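Structural features, examined
Listed below, chain by chain, are the residues.
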Amino acid sequence: MIIPVQLAPKKLSISAILFGILGGIIGIGAGLFLGFALGAALAAALHVPSREGEAGYFTVAIALIVTCIVTPVCIFVTLYWRDVRSIWLFIGLVMICVSIAAIGVSGFGIWYAAQPHVLNLNGPRPLLEFEVKPPTGQSLETLADVEPELDTDRNTMPGYWHTEAPENPGVRAGYIELYFRMSQRLFVLKFPGREDRIFNLRLPANPMKAKYRAWSDWRNADFVAKAGERPSRPSGGSDYQIRYKLDYQDR
(Lines give C-alpha, C1' and ligand atoms only; values in the text may rest on other atoms or scores of the structure.)
Protein backbone atom coordinates (compact mmCIF):
# COMPACT_ATOMS: atom_id res chain seq x y z
CA MET A 1 0.00 0.00 0.00
CA ILE A 2 1.40 3.33 -1.05
CA ILE A 3 0.64 6.31 1.16
CA PRO A 4 0.93 9.65 -0.70
CA VAL A 5 3.19 12.13 1.01
CA GLN A 6 1.99 15.74 0.87
CA LEU A 7 4.78 18.26 0.82
CA ALA A 8 4.59 20.99 3.45
CA PRO A 9 3.89 24.44 2.01
CA LYS A 10 7.03 26.43 1.50
CA LYS A 11 7.31 29.16 4.12
CA LEU A 12 9.37 32.31 4.30
CA SER A 13 13.04 32.12 5.10
CA ILE A 14 15.58 34.79 5.83
CA SER A 15 17.30 34.19 2.51
CA ALA A 16 13.97 34.47 0.65
CA ILE A 17 13.27 37.81 2.35
CA LEU A 18 16.73 39.12 1.51
CA PHE A 19 16.41 38.02 -2.09
CA GLY A 20 12.95 39.57 -2.17
CA ILE A 21 14.32 42.92 -0.98
CA LEU A 22 17.03 42.71 -3.64
CA GLY A 23 14.39 41.89 -6.24
CA GLY A 24 12.33 44.87 -5.05
CA ILE A 25 15.28 47.22 -5.39
CA ILE A 26 15.94 45.91 -8.89
CA GLY A 27 12.23 46.35 -9.61
CA ILE A 28 12.34 49.97 -8.49
CA GLY A 29 15.25 50.68 -10.82
CA ALA A 30 13.67 48.84 -13.72
CA GLY A 31 10.28 50.44 -13.08
CA LEU A 32 11.70 53.93 -13.04
CA PHE A 33 13.69 53.31 -16.22
CA LEU A 34 10.75 51.81 -18.08
CA GLY A 35 8.35 54.36 -16.61
CA PHE A 36 10.36 57.37 -17.69
CA ALA A 37 10.83 55.90 -21.16
CA LEU A 38 7.11 55.13 -21.46
CA GLY A 39 6.13 58.49 -19.99
CA ALA A 40 8.31 60.39 -22.44
CA ALA A 41 6.92 58.40 -25.35
CA LEU A 42 3.31 58.95 -24.24
CA ALA A 43 3.92 62.65 -23.63
CA ALA A 44 5.22 63.01 -27.18
CA ALA A 45 2.43 60.87 -28.67
CA LEU A 46 -0.33 62.69 -26.78
CA HIS A 47 1.26 66.10 -27.44
CA VAL A 48 1.40 67.02 -23.76
CA PRO A 49 2.54 70.66 -23.64
CA SER A 50 5.93 71.34 -22.14
CA ARG A 51 5.04 74.79 -20.80
CA GLU A 52 5.16 75.11 -17.02
CA GLY A 53 6.64 71.60 -16.85
CA GLU A 54 3.42 69.76 -17.72
CA ALA A 55 5.22 67.16 -19.86
CA GLY A 56 7.73 66.58 -17.05
CA TYR A 57 5.01 66.09 -14.43
CA PHE A 58 3.20 63.71 -16.78
CA THR A 59 6.37 61.67 -17.33
CA VAL A 60 7.10 61.48 -13.60
CA ALA A 61 3.53 60.36 -12.88
CA ILE A 62 3.77 57.57 -15.48
CA ALA A 63 7.14 56.51 -14.09
CA LEU A 64 5.73 56.25 -10.55
CA ILE A 65 2.72 54.26 -11.74
CA VAL A 66 4.91 51.81 -13.67
CA THR A 67 7.28 51.49 -10.71
CA CYS A 68 4.38 50.68 -8.37
CA ILE A 69 3.40 47.87 -10.74
CA VAL A 70 6.84 46.48 -11.63
CA THR A 71 8.26 46.44 -8.09
CA PRO A 72 5.66 44.10 -6.51
CA VAL A 73 5.81 41.86 -9.58
CA CYS A 74 9.59 41.53 -9.21
CA ILE A 75 9.22 40.75 -5.51
CA PHE A 76 6.51 38.16 -6.25
CA VAL A 77 8.61 36.48 -8.94
CA THR A 78 11.67 36.44 -6.67
CA LEU A 79 9.77 34.83 -3.80
CA TYR A 80 8.24 32.26 -6.14
CA TRP A 81 11.72 31.52 -7.48
CA ARG A 82 12.82 30.92 -3.88
CA ASP A 83 10.06 28.29 -3.54
CA VAL A 84 7.76 30.42 -1.40
CA ARG A 85 4.18 29.25 -1.92
CA SER A 86 0.61 29.60 -0.73
CA ILE A 87 -0.34 32.42 1.64
CA TRP A 88 3.35 33.01 2.39
CA LEU A 89 3.72 34.64 -1.01
CA PHE A 90 1.29 37.38 0.01
CA ILE A 91 2.78 37.70 3.50
CA GLY A 92 6.28 37.95 2.08
CA LEU A 93 5.19 40.51 -0.51
CA VAL A 94 3.70 42.73 2.21
CA MET A 95 6.70 42.33 4.53
CA ILE A 96 9.21 43.15 1.83
CA CYS A 97 7.25 46.16 0.54
CA VAL A 98 7.08 47.53 4.11
CA SER A 99 10.80 46.84 4.59
CA ILE A 100 11.74 48.65 1.37
CA ALA A 101 9.50 51.58 2.33
CA ALA A 102 11.15 51.73 5.78
CA ILE A 103 14.62 51.65 4.20
CA GLY A 104 13.63 54.46 1.85
CA VAL A 105 12.17 56.60 4.65
CA SER A 106 15.23 56.03 6.83
CA GLY A 107 17.58 56.93 4.00
CA PHE A 108 15.62 60.08 3.26
CA GLY A 109 15.64 60.98 6.96
CA ILE A 110 19.41 60.58 7.18
CA TRP A 111 19.88 62.62 4.00
CA TYR A 112 17.51 65.33 5.22
CA ALA A 113 19.22 65.55 8.61
CA ALA A 114 22.59 66.01 6.90
CA GLN A 115 21.37 68.92 4.81
CA PRO A 116 21.96 72.52 5.91
CA HIS A 117 18.71 74.08 7.11
CA VAL A 118 18.31 77.81 6.73
CA LEU A 119 16.94 79.63 9.77
CA ASN A 120 14.77 82.16 7.99
CA LEU A 121 14.23 80.84 4.48
CA ASN A 122 11.77 83.49 3.33
CA GLY A 123 13.13 86.51 5.12
CA PRO A 124 16.29 88.39 6.10
CA ARG A 125 18.94 86.59 8.08
CA PRO A 126 18.62 86.80 11.87
CA LEU A 127 21.34 88.80 13.58
CA LEU A 128 23.29 87.79 16.65
CA GLU A 129 23.79 91.06 18.51
CA PHE A 130 26.68 90.92 20.98
CA GLU A 131 28.53 93.10 23.45
CA VAL A 132 32.10 92.51 24.60
CA LYS A 133 33.38 93.75 27.96
CA PRO A 134 37.15 93.94 28.54
CA PRO A 135 38.74 92.73 31.78
CA THR A 136 38.63 94.95 34.84
CA GLY A 137 41.11 97.78 34.56
CA GLN A 138 41.48 97.58 30.75
CA SER A 139 40.04 100.02 28.25
CA LEU A 140 38.11 99.37 25.07
CA GLU A 141 41.29 100.10 23.12
CA THR A 142 42.32 96.48 23.68
CA LEU A 143 39.46 95.53 21.33
CA ALA A 144 40.51 97.91 18.56
CA ASP A 145 42.07 95.23 16.32
CA VAL A 146 39.97 92.28 17.46
CA GLU A 147 37.93 90.46 14.79
CA PRO A 148 34.70 88.74 15.90
CA GLU A 149 33.74 85.54 14.12
CA LEU A 150 31.12 82.78 14.29
CA ASP A 151 32.28 79.22 13.59
CA THR A 152 29.96 76.27 12.90
CA ASP A 153 30.26 72.89 11.21
CA ARG A 154 28.67 74.42 8.10
CA ASN A 155 30.25 77.81 7.71
CA THR A 156 32.29 80.65 9.17
CA MET A 157 30.64 84.05 9.40
CA PRO A 158 32.57 87.28 10.02
CA GLY A 159 31.31 89.66 12.67
CA TYR A 160 31.02 93.42 12.36
CA TRP A 161 31.43 96.12 14.99
CA HIS A 162 28.77 98.77 15.28
CA THR A 163 30.08 102.20 14.36
CA GLU A 164 27.67 104.06 16.65
CA ALA A 165 28.30 104.24 20.38
CA PRO A 166 26.67 101.39 22.37
CA GLU A 167 23.93 102.06 24.86
CA ASN A 168 26.08 100.67 27.67
CA PRO A 169 29.39 102.45 28.27
CA GLY A 170 32.46 100.29 28.75
CA VAL A 171 31.50 97.69 26.11
CA ARG A 172 31.97 97.30 22.38
CA ALA A 173 28.97 96.08 20.42
CA GLY A 174 28.60 94.30 17.10
CA TYR A 175 26.59 91.75 15.17
CA ILE A 176 26.92 88.54 13.15
CA GLU A 177 24.46 87.04 10.66
CA LEU A 178 23.06 83.63 11.54
CA TYR A 179 22.32 81.51 8.52
CA PHE A 180 21.95 77.80 9.36
CA ARG A 181 20.21 75.84 12.08
CA MET A 182 23.09 74.41 14.06
CA SER A 183 23.27 72.59 17.36
CA GLN A 184 26.64 74.18 18.19
CA ARG A 185 27.92 77.67 17.48
CA LEU A 186 31.28 79.06 18.57
CA PHE A 187 31.77 82.80 18.91
CA VAL A 188 35.44 83.73 18.55
CA LEU A 189 37.27 86.92 19.42
CA LYS A 190 40.42 86.85 17.28
CA PHE A 191 43.29 88.79 18.87
CA PRO A 192 46.21 89.42 16.47
CA GLY A 193 49.35 87.88 17.98
CA ARG A 194 47.54 86.86 21.15
CA GLU A 195 45.28 84.11 22.38
CA ASP A 196 41.83 84.04 20.85
CA ARG A 197 38.81 83.77 23.12
CA ILE A 198 36.25 81.11 22.18
CA PHE A 199 32.71 81.18 23.57
CA ASN A 200 30.26 78.31 23.22
CA LEU A 201 26.93 80.02 22.59
CA ARG A 202 24.07 78.61 24.64
CA LEU A 203 21.55 78.69 21.82
CA PRO A 204 19.33 75.95 20.35
CA ALA A 205 19.44 74.98 16.69
CA ASN A 206 16.48 77.29 16.07
CA PRO A 207 16.88 80.29 18.39
CA MET A 208 14.11 82.32 16.74
CA LYS A 209 11.98 82.48 19.88
CA ALA A 210 10.95 85.44 21.98
CA LYS A 211 13.11 84.57 24.99
CA TYR A 212 16.31 84.76 22.93
CA ARG A 213 15.58 88.38 22.03
CA ALA A 214 16.60 89.32 25.56
CA TRP A 215 20.24 89.75 26.53
CA SER A 216 21.93 86.66 27.91
CA ASP A 217 23.99 86.74 31.07
CA TRP A 218 27.60 87.84 30.82
CA ARG A 219 29.71 84.80 29.96
CA ASN A 220 33.39 84.05 30.22
CA ALA A 221 35.35 82.34 27.46
CA ASP A 222 35.08 78.56 27.35
CA PHE A 223 38.44 78.14 25.57
CA VAL A 224 41.53 80.12 24.63
CA ALA A 225 43.87 79.33 21.77
CA LYS A 226 46.48 80.83 19.51
CA ALA A 227 46.15 80.43 15.75
CA GLY A 228 47.03 76.87 14.73
CA GLU A 229 47.09 75.54 18.31
CA ARG A 230 44.70 73.33 20.20
CA PRO A 231 42.19 75.18 22.37
CA SER A 232 42.58 74.92 26.13
CA ARG A 233 40.59 75.98 29.14
CA PRO A 234 41.27 79.52 30.36
CA SER A 235 43.39 79.81 33.47
CA GLY A 236 40.81 81.94 35.27
CA GLY A 237 40.85 85.46 36.59
CA SER A 238 39.36 88.56 35.03
CA ASP A 239 39.04 88.22 31.26
CA TYR A 240 36.90 89.28 28.32
CA GLN A 241 33.20 88.59 28.63
CA ILE A 242 30.34 88.64 26.16
CA ARG A 243 26.57 88.70 26.19
CA TYR A 244 24.28 88.30 23.20
CA LYS A 245 20.71 88.28 21.93
CA LEU A 246 18.82 87.58 18.67
CA ASP A 247 17.42 90.28 16.42
CA TYR A 248 15.11 89.23 13.57
CA GLN A 249 11.86 90.00 11.85
CA ASP A 250 8.81 87.93 12.64
CA ARG A 251 7.66 85.69 9.81
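Our subject is the structure listed above.
This write-up is about the structure you can find in this document. Keep in mind it's a predicted model, so treat the numbers as computed, not measured.

All right, on to the pairing of strand S5 (residues 172-177) then. Side-chain positions along a regular strand alternate between the two faces of the sheet. Sheet topology places strand S1 (residues 127-133) next to S5; six bridges connect them, and they run antiparallel. Residue pairing across strands places Phe130 opposite Gly174, the latter belonging to S5. Inspection of the sheet shows strand S4 (residues 160-161) paired to S5 by two bridges, in the antiparallel sense. Looking at S5, one finds that Tyr160 is bridged to Tyr175.

Moving on to the sheet that holds strand S8 (residues 219-220). Taking strand neighbours across the sheet as the criterion, the five strands line up as S4-S5-S1-S10-S8 in an open arrangement whose pairing is antiparallel. Only two strands of the sheet have a single neighbouring strand rather than two, namely S4 and S8.

This structure, assessed with the given rule, holds nine aromatic pairs. The interplanar angle of 35 degrees and the centroid separation of 5.6 Å between the aromatic rings of Phe108 and Trp111 together place this pair among those described as tilted. Here Trp111 and Phe108 lie together in helix H3 (residues 87-114), a separation of three residues that amounts to about one turn. Accessibility expressed as a relative area gives 51% for Phe108, which makes it exposed. Given the relative accessible area of 48%, Trp111 is considered partly exposed. Each ring, one from Phe191 and one from Tyr240, has its centre 4.9 Å from the other, and the planes form 50 degrees; the classification is tilted. Taken together, the positions of Phe191 in the loop between strand S6 (186-190) and strand S7 (196-200) and Tyr240 in the loop between strand S9 (223-225) and strand S10 (241-247) put the pair 49 residues apart, joining distant regions of the chain. The exposure class assigned to Phe191 is buried, which follows from its relative accessible area of 4%. For Tyr240, a relative accessible area of 1% gives the class buried.

This paragraph deals with a nonpolar patch on the surface. Together, Ile65, Ile69, Val73, Phe76, Val77 and Tyr80 make up a nonpolar patch on the protein surface, roughly 570 Å² of accessible area in all. Structurally, the position occupied by Ile69 is in helix H2 (residues 54-81).

What follows covers the pairing of S7. With four of its five residues buried, S7 lies for the most part within the structure. As paired elements, S6 and S7 share four bridges and run antiparallel to each other. From the neighbouring strand, Val188 faces S7, where its bridge partner is Ile198. The antiparallel pairing of S6 with S7 creates a hairpin that spans five residues between the two strands, and Gly193 there sits at a positive phi of about 75 degrees. Pairing analysis gives three bridges linking S7 to S9, with the strands arranged antiparallel.

Conventions used here
- Residues numbered from 1 in each chain as written.
- Predicted model: local features only at pLDDT ≥ 70, side-chain atom pairs only at ≥ 80, totals over all residues.
- Heavy atoms only, no water.
- Pairing = 2+ DSSP bridges.
- Helix = DSSP H or I, 4+ residues; strand = E, 2+ residues; numbered from the N terminus.
- Phe/Tyr/Trp six-rings, centres within 6.5 Å; stacked < 30°, edge-to-face > 60°.
- Buried < 20%, exposed > 50% of the residue type's maximum accessible area, 1.4 Å probe, protein only.
- Patch = residues over 30% accessible without salt bridge, like charges linked within 9 Å, V, L, I, M, F, W, Y side chains within 5 Å.
- Areas by Shrake-Rupley, 256 points an atom, 1.4 Å probe, with all protein chains shown as cover.
- Salt bridge = Lys/Arg side-chain N within 4 Å of Asp/Glu carboxyl O.

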